[in-house]
There are 2 protein chains.
Amino acid sequence: MDHKRVAKDTAQVLISYLTYQAVQTVVNQLYETNPSLGIWLNQFSSTDRIQDGEVYLEALMQENPELALRLMTVRSHLAEEVTEFLPEMVKTGIQEANMEHRRQLLERMTQMRPQASSPSETVAELDPSSESDLEESSD
Amino acid sequence: MDHKRVAKDTAQVLISYLTYQAVQTVVNQLYETNPSLGIWLNQFSSTDRIQDGEVYLEALMQENPELALRLMTVRSHLAEEVTEFLPEMVKTGIQEANMEHRRQLLERMTQMRPQASSPSETVAELDPSSESDLEESSD
């Protein structure tokens, strides 16, 4: 696995996502202070453009440089406040989600296992050998 | 700004993105070891489902539990290897991109500024007062 490339791509996705969050923040601020500009920014931002933060900011810079500069300040602030917590949140989140998926799989396998009281419910594709395969690969 | 909510949403986006990267990794491994399964996984993963990592894994768990367990291991590994570098990469990336956007804006404003040799190119909306507004908000 090319971890350096994955890290670089992931950072780029994060930057675009924080740009999107900065837009949400500024739109909500504008709804309070300058509703018509808030509506304009919301409409301007509801295109596919927001998928790439830099392309979006370049386009906004042509239309309203002051708003673009404000968004840049807000996304920089968000990055300072939020990113330091992400490594732990992501690692814990994945661990917990993985555990839940494994639990559900085991539950499903247990329910499908032939019961002594109802041999007719035997499910052919879940024989003991395929089950032990699954258990090995979950380590 | 609700930083706690932004951090939570961002972590969730990151988890789904690392799940997507895990799929790319496993698809490429399978192309070497079991091409037909690689093609199957690639096709299974090219839907909108992959936008939400957990929904995707639940669906895959129904179709091929062994592959789902393998992806869970790979995304967990990616999270361990990659996330610690992200805070610095994201903060630096935003600073550099912001600087580049500001540089381009200043360049554009300089080119549009009335030249002594060609007073006819004066652009009305970029008078000195609106320029100083922009400089203030870029701090």
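Below or above, wherever it landed, is the structure these notes cover.

Each helix and strand in chain A was counted, giving 6 helices and 0 strands. In chain A, the succession of α and β elements from N to C terminus is α-α-α-α-α-α. Here chain A holds 139 residues, and the buried ones make up 40% of them. For chain A, long-range pairs separated by at least 24 residues make up 48% of all intrachain contacts whose partners lie at least 6 apart in sequence. Total accessible area on chain A stands at roughly 7800 Å², and carbon and sulfur atoms take up 50% of it.

Take the packing of aromatic side chains next. All chains considered together, the criterion is met by 6 aromatic pairs over all chains. Each ring, one from Trp-40 of chain B and one from Phe-44 of chain B, has its centre 5.2 Å from the other, and the planes form 20°; the classification is stacked. One end of the pair is Trp-40 of chain B and the other is Phe-44 of chain B, both in helix H2 (residues 35–44) and 4 residues apart, which spans about a single turn. By relative accessible area, which is 29% here, Trp-40 of chain B ends up partly exposed. Looking at Phe-44 of chain B, the relative accessible area reads 11%, which means it is buried. Taken together, the ring pairs in this structure connect Trp-40, Phe-44 and Tyr-56 of chain A into an aromatic cluster.

All names here are of chain B. Packing of helix H3 (residues 53–63) against helix H4 (residues 65–82) leaves a shortest axis separation of 6 Å and a crossing angle of 145°. Each of Glu-54, Tyr-56, Leu-57, Leu-60, Met-61 and Glu-63 in H3 lies in contact with H4, whose residues at this interface are Pro-65, Leu-67, Ala-68, Leu-69, Leu-71, Met-72 and Arg-75. When its residues are assigned to classes, the contact of H3 with H4 shows 10 nonpolar, no polar and 3 charged.

Another aspect to go through is helix H2 (residues 35–44) of chain A. In an α-helix, one turn spans 3.6 residues; hence positions three or four apart end up facing the same way. All names here are of chain A. Along H2, the residues classified as buried are Gly-38, Leu-41 and Phe-44. Take H2 and look down its axis: the buried residues cluster within an arc of 130°, on one side only. In H2, the exposed residues that point more than 90 degrees away from the buried face are Ser-36 and Gln-43. For H2, the elements touching its buried residues are helix H1 (3–33), helix H3 (53–63) and helix H4 (65–82).

Mapping chain A onto chain B is achieved by rotating through 180° and translating by 0.0 Å along the same axis, at an RMSD of 0.0 Å. Here the two chains are linked by the operation of a two-fold rotation axis. By C-alpha distance to the rotation axis, the residue of chain A lying nearest is Leu-14 of chain A, at 3.7 Å. Both copies present the same face, since 98% of the interface residues in chain A are matched by interface residues at the equivalent positions in chain B.

In this section: the interface of chain A and chain B. Listed by partner, the interface residues are 57 residues for chain A and 56 residues for chain B. Between the two partners, chain A and chain B, sit 0 salt bridges. Linking chain A to chain B there are 8 residue pairs in polar contact (both at pLDDT 80 or more). Secondary structure elements with two or more residues in the side of chain A that touches chain B: H1, H3, H4, helix H5 (86–112) and helix H6 (128–137) of chain A. Residues belonging to the side of chain A that touches chain B are distributed by class as follows: 26 nonpolar, 16 polar and 15 charged.

A separate point is a negative patch on the surface. Negative charge collects at one region of the surface, where Glu-80, Glu-81 and Glu-84 of chain A together with Glu-88 of chain B lie side by side. Its place among the elements puts Glu-84 of chain A in the loop between H4 and H5.

Right, let's talk about the side chain of Lys-91 of chain A for a bit. On the secondary structure map, Lys-91 of chain A appears in helix H5. At 4.2 Å, Glu-80 of chain B is the nearest oppositely charged side chain to Lys-91 of chain A, a buried residue that forms no salt bridge. Residue contacts for Lys-91 of chain A: discarding those within four places in its chain leaves Ala-79, Glu-80 and Thr-83 of chain B.

Bringing the environment of Thr-10 of chain A into the picture now. The topology assignment puts Thr-10 of chain A in helix H1. Distance from Thr-10 of chain A to Val-55 of chain A, taken between C-alpha atoms, is 17 Å for residues 45 residues apart in sequence. Discounting chain neighbours no more than four positions away, the residues touching Thr-10 of chain A are Leu-14, Tyr-17, Leu-18 and Leu-86 of chain B. A polar contact of 2.5 Å, which involves the side chain of Thr-10 of chain A, links it to the backbone oxygen of Val-6 of chain A.

Criteria and cut-off values
The residue numbering used here restarts from 1 in each chain and proceeds along that chain's sequence as written. Chains and ligands are labelled sequentially in the order written, the chains with letters from A and the ligands with numbers from 1. It should be noted that, the model being predicted, local features are given only for residues of pLDDT at least 70 and side-chain atom pairs only at 80 or more, the latter also being counted only at that level, while totals for whole chains, interfaces and linings use all residues. The side-chain figures draw on all heavy atoms in the structure; neither hydrogens nor water molecules are used. What counts as a helix is a DSSP run of H or I of at least four residues, what counts as a strand is a run of E of at least two, and both are numbered from the N terminus. Residue burial is assigned from relative accessible area. The probe radius is 1.4 Å, only protein chains are included, and a residue is buried under 20% of its type maximum, exposed over 50%, and partly exposed in between. Should any heavy atoms of two residues lie within 4.5 Å, those residues are considered in contact. Values of accessible area rely on a 1.4 Å probe in the Shrake-Rupley scheme; residue burial ignores everything except the protein chains shown. Only Phe, Tyr and Trp rings are paired, with Trp represented by its six-membered ring, and only when their centres lie within 6.5 Å; those with planes under 30 degrees apart are stacked, over 60 edge-to-face, the remainder tilted. The angle between two axes is taken between their N-to-C directions and runs from 0 to 180 degrees, where each axis is a line fitted to C-alpha atoms and a helix contributes only its stretch in contact. Residues are sorted three ways: Asp, Glu, Lys and Arg are charged, Ala, Val, Leu, Ile, Met, Phe, Trp, Tyr, Cys and Pro are nonpolar, and all the rest, Gly among them, are polar. Arc definition: it is the arc formed by the directions from the helix axis to the C-beta atoms. Residues reaching a pLDDT of at least 70 in both copies supply the C-alpha atoms on which the copies are superposed by least squares. By definition here, a salt bridge exists when the distance from a side-chain nitrogen of Lys or Arg to a carboxyl oxygen of Asp or Glu is within 4 Å. Pairs of N or O atoms within 3.5 Å make up the polar contacts considered here, provided that, within protein, one atom can donate a hydrogen while the other can accept it, and that residues adjacent in sequence are counted only when both atoms are side-chain atoms. Think of a patch as exposed residues, more than 30% relative accessible area, with no salt bridge, where like charges cluster within 9 Å and nonpolar side chains (Val, Leu, Ile, Met, Phe, Trp, Tyr) cluster within 5 Å. For the charge count, each Lys or Arg is scored as positive and each Asp or Glu as negative, with His and the chain ends excluded. Lysine's charge is taken at NZ, arginine's at CZ, aspartate's at CG and glutamate's at CD.

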